[in-house]
Structure formats: C-alpha cells, structure tokens
Amino acid sequence: MTNQDLLKIADEFGTPVYVYDVESIKVQYEKLTGSFSKNTRFFYAAKALTNINILKYIEKQGANLDCVSINEVKLGLKAGFSSDRILFTPNCVDITEIEEAMAFNVHINIDNISILEQFGNKHGGNYPIFIRINPHIFAGGNYKISTGHIDSKFGISIHQMRHIERIVKSTNINVEGLHMHTGSEIKDPDVFLQGLEIMFELADHFPNLKYLDMGSGFKVPFQDGDLETDVKSLGKKVDKAMKDYTKETGKEFQLWFEPGKYLVSQSGHFLVKSNVIKQTTATVFVGVNSGFNHLIRPMFYDAYHKIENLSNPKGPERIYTVVGNICETDTFAWDRKLHEVREGDVLVFRNAGAYGFEMSSNFNSRLKPAEVMFLDGKATLIRKREEFEDLLKNQIEVL
Ligand SMILES: *Cc1c(COP(=O)(O)O)cnc(C)c1O
C-alpha cells in the first residue's frame, strides 16, 4: 500500500479514518510461525483491534485468539474461531462471566485466588483451566503497560503457590495450562527465557499440564532506530530451552504466545486532516480534525507515532507540534519535523493498528472515525463513521 493509495482513501472515505493494510498482518504472522517450532501456537490478543473483518482475516491465517472479555469471545466465535482456538484471559470478572465462557467451551485462564476457589468449589475437575501467574518480572515499555511487577493487579503471585496448590488439590481442579504475561514491548528477549525457567519450575506442581502460555511482549518499531523483537533468535533460544527441558524430564508442553501489537500495529495508518496552522510566540501548532478521543496512545502512554504529511511530501521541512481538537491538553507530538503543513493537508500516523480505534471514545461528543481495509489493491469500508444520532442511541430522554 502506497502513500498514493492512502491519499485516494482519504479522498474517497474522508478523514479521520483508520486504514488497515491487512497483508502486513499475514507477513507478521508468518514471521512468527516460521521462527518457532511447529508445536507452538499463537493467540492473537484481540483487544488490540477487534473489527470483525480483521478477526476473520486472522482466523484464516490459522492463528488462535486471546480474549479478555466475554464479548471478545463472542466476537471470536462469530469470526469463525472454533472454541479450542480461543483462550479467555479476563481479570476482575465474577464467576458468572467465567461460567458464560465455560458454556462456549473455550480455554479459560483464572487470574486470582478468590475465583480459583469459587471455581474449584463449584466445578472441581469437570472443566480444565489455565492459571495466570504473576512472576514479578519487571518488563515492558513503561509502567502502565508492564503487568508482571510487584504492584500489578494481574495474575496470582508466584509467592502464593502453596495457596494455589491447596485449592487445586482440595477441589480437584484440572490445571491444563500455566500463563504469564509480563508486559508489552519487552526489549530484552532473555526476559522470555527467564519466564520460561520459572514456568518449568512451576510445572512440577501440576501433573495434568499440557500448555505453557508466555503471553506477549513482542515489540515493533515505532520510530527510526527502534528495534523489532528478533523472533528468529528468540524462537531458536526458546526451542532449545523446551528441548532441553524435555530431555531432562521426559515431559513435553505446547508453547503458546499472545501477540497483539506485533501482528496488527504496523498494518494501521490513521489519516487526519490539518484544520488550522496556529503560530504562537513559541510554537507552530498543527491542529488536526482528530484528538486523543481517536488515538490515545501519545497522551496515555507517551507513545511515539511517526507522522508524515502525505499531501505535501516535497514541501520544505519545518518543526511543528501536532495537536488534536479536544478541550484538554491533547498533543500527538512535540517538535516534529514535517514537510510544510498547510491547512487542508492530509497527515498520516503510522503504527496505528493496535490500540488505536480500539481505545477511541466519544469525549467532547465527537464521533468515532471510519475504518477501511486494504486488501488485494482494493480499499473497502469496514466500519462507517459515526453520525450524530449515534451519540443519542442509548440515551433515554425523560425530560
Ligand atoms: C494485551 C495483552 C496481550 C497483547 O499485548 P501486546 O503488547 O499487544 O502484544 C497479550 N496477552 C494478554 C493477557 C494481554 O492482556
């Protein structure tokens, strides 16, 4: 997909619009499957991007699905994933949401002692489960996206193993898998190896264990000079660790991973229009027809998204601060060198496939953008832009 294709899409469908070049998802998926042993399964973390067409495309590639809410499970089933290809990894849900997932026959991952106990008391060994462990490894791009550290709400602390064992033994729970997800954007692949070693130690406690789920942490480059997780080398190291373990113990597990960003981040291109160029004493602002209500990552995670001016690619370069139209501090980027931006120019935010549209909201009573899929050289609308009526859809006018 070229910049010309993007400009045509902006013209045809208007802005703001999310565009997904879905073939890049396939490229990423095949990089993963080509790097690890055949006995490894990848569960796309649906929460990164759940448009039903994206889910269907990923299903066709042969991937599996990791879901964090019962609605993601339902979307996955609707997209064609069979129940054995879905893992449900919720947190802070009550037992009824777990039981809803049981009715769908998907794999279930339990992440706290209270639910484990309730589950054991009610269902015993009738339904195999995963247990989510918090290994207390600090990893991930920043504190907000790190999930394994000591203050994190996720998983059951590794220091509570005795308690887990007590519940499992006394209620006969059948533990088919262990899970850990230490965070997003792990820079050091040895963190996975460290996690795997911990898994091997824990595995001794669960005789029925079949699966080890290492979560995600696969990194993609957001700016020039950033690295992508070297999956080739990681795959080699992990496979060796698995083989060594099998040699030593005679036991063999299937390894699972849950990439979100790695699969869909680079597929996404978010197109906006420059509304206003505003020169203040200190800064030249580009005010665009979007805001953190559409792409929250810069404001929420201090995330860097590459921005390019598509409609004036040869203009002289100038330094801009790119801001949104929300009545709040709403900065996409400080001090960016862009080809001269004029009012009306089309800008693109790269790497907008993961946690872009998915985290959008109606703050300031602004409408959510459209989504377009680009496949085989063709652009197709896959979600229409919201309309004013959508803001009132669920409101009950009583006055
Ligand atoms: C969010 C999440 C992922 C995916 O993380 P990425 O950084 O997008 O790869 C995987 N597993 C679980 C349990 C998650 O919550």
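This is a predicted model, so every value here is computed, not measured. One numbering rule holds for all chains: residues counted from 1, following each sequence as written. Residue-level local features of this predicted model are given only where pLDDT is at least 70; pairs of side-chain atoms are given and counted only at 80 or more, and the full residue set underlies all totals for whole chains, interfaces and linings. Hydrogens and water are ignored here; the side-chain numbers use all heavy atoms of the structure.

Student: Explanation requested: the UniProt feature "modified residue: N6-(pyridoxal phosphate)lysine" (unreviewed entry) in the protein in the structure shown.
Tutor: The positions that UniProt labels "modified residue: N6-(pyridoxal phosphate)lysine" (unreviewed entry) are, in the present scheme, Lys47. The helix count covers DSSP runs of H or I at least four residues long, the strand count covers runs of E at least two residues long, and both are numbered beginning at the N terminus. Summarising the element assignment, Lys47 is placed in the loop between strand 2 (40-45) and helix 3 (52-61). Take Lys47: its relative accessible area is 36%, and that puts it in the partly exposed class. Among all residues touching Lys47, those that are not within four sequence positions of it are Val68, Glu72, Tyr355 and Glu358. UniProt positions are given in the numbering used here, feature names are shortened, and annotations may be inferred rather than shown by experiment. Three exposure classes are used, based on accessible area relative to the maximum for each residue type with a 1.4 Å probe and protein chains only: buried under 20%, partly exposed in between, and exposed over 50%. It only takes one pair of heavy atoms within 4.5 Å for two residues to be counted as in contact.

Student: Would you explain the packing of helix 6 (residues 113-123) against helix 7 (residues 161-171) in this entry?
Tutor: Packed helices, taken two at a time, are described by the angle between their axes plus the distance between the axes. Where helix 6 meets helix 7, the axes come as close as 9 Å, and the angle between the chain directions of the two elements is 10 degrees. Judged on the interaxial angle alone, helix 7 and helix 6 are roughly parallel. Contacts between helix 6 and helix 7 involve Ile113, Leu116, Glu117, Gly120 and Asn121 on the former and, on the latter, His163, Ile164, Ile167 and Thr171. Gly is placed with the polar residues, together with every amino acid not listed as nonpolar (Ala, Val, Leu, Ile, Met, Phe, Trp, Tyr, Cys and Pro) or charged (Asp, Glu, Lys and Arg). For the contact of helix 6 with helix 7, the residue count by class is 4 nonpolar, 4 polar and 1 charged. In this analysis an axis means a line fitted to C-alpha atoms, helices contributing only their contacting stretch, and an angle means the value between N-to-C directions, from 0 to 180 degrees. Any angle between 65 and 115 degrees counts as roughly perpendicular, while under 35 counts as roughly parallel, over 145 as roughly antiparallel, and the rest as oblique.

Student: Help me understand unusual backbone geometry, please; the structure alone is not making it clear to me.
Tutor: Negative phi characterises most residues that are not glycine, and trans characterises most peptide bonds. With an omega dihedral of -5 degrees, the bond running from Thr15 to Pro16 counts as a cis peptide bond. In this fold, Pro16 is placed in the loop between helix 1 (3-13) and strand 1 (17-21). In this model, Asp302 sits at a positive phi of 55 degrees, which is unusual for a non-glycine residue. Turning to its location among the elements, Asp302 is positioned in the loop between helix 11 (297-301) and strand 13 (307-309). At Tyr355, a residue that is not glycine, the phi angle is positive and equals roughly 60 degrees.

Student: Explanation requested: the packing of helix 2 (residues 23-35) against helix 3 in the structure shown.
Tutor: One way to put it is that helix 2 packs onto helix 3 with a least axis distance of 10 Å and a crossing angle of 35 degrees. Seen along the crossing, helix 2 lies across helix 3 with a hand that is right-handed. Along its contact with helix 2, which presents Glu23, Ile25, Lys26 and Tyr29, the element helix 3 presents Ile54, Tyr57, Ile58 and Gln61. Of the residues assigned to the contact of helix 2 with helix 3, the class counts are 5 nonpolar, 1 polar and 2 charged. By the definition used in this description, the sense in which the near helix is turned from the far one sets the handedness, with an anticlockwise turn below a right angle giving left-handed and a clockwise turn giving right-handed.

Student: Any chance you could explain the domain arrangement of the protein here in plain terms?
Tutor: One frequently used descriptor of interface size is the decrease in accessible area upon assembly of the parts. What counts as a domain boundary in this text is fixed by an automatic or database domain assignment. Segmentation of the protein into domains returns domain 1 (89-259) and domain 2 (265-386). The C-alpha centroid of domain 2 is placed 36 Å from the C-alpha centroid of domain 1. Surface buried jointly by domain 1 and domain 2 totals about 870 Å² across both partners, of which 47% is contributed by carbon and sulfur atoms. Salt-bridge detection follows one rule: a side-chain nitrogen of Lys or Arg within 4 Å of a carboxyl oxygen of Asp or Glu. Across the contact surface, domain 1 and domain 2 share 1 salt bridge. Of the charged contacts, one joins Lys306 and Asp224 as a salt bridge, the two residues approaching to 2.9 Å between their closest N and O atoms. A 3.5 Å cut-off defines polar contacts: any pair of N or O atoms within that distance qualifies, except that in protein one atom must be a possible hydrogen donor and the other a possible acceptor, and neighbouring residues in sequence count only when both atoms are side-chain atoms. At the boundary of domain 1 and domain 2, one finds 2 residue pairs in polar contact (both at pLDDT 80 or more). In the side of domain 1 that touches domain 2, the residues fall into 4 nonpolar, 2 polar and 4 charged. By buried area we mean the combined loss of accessible area, with a 1.4 Å probe, across both parts when two parts are placed together.

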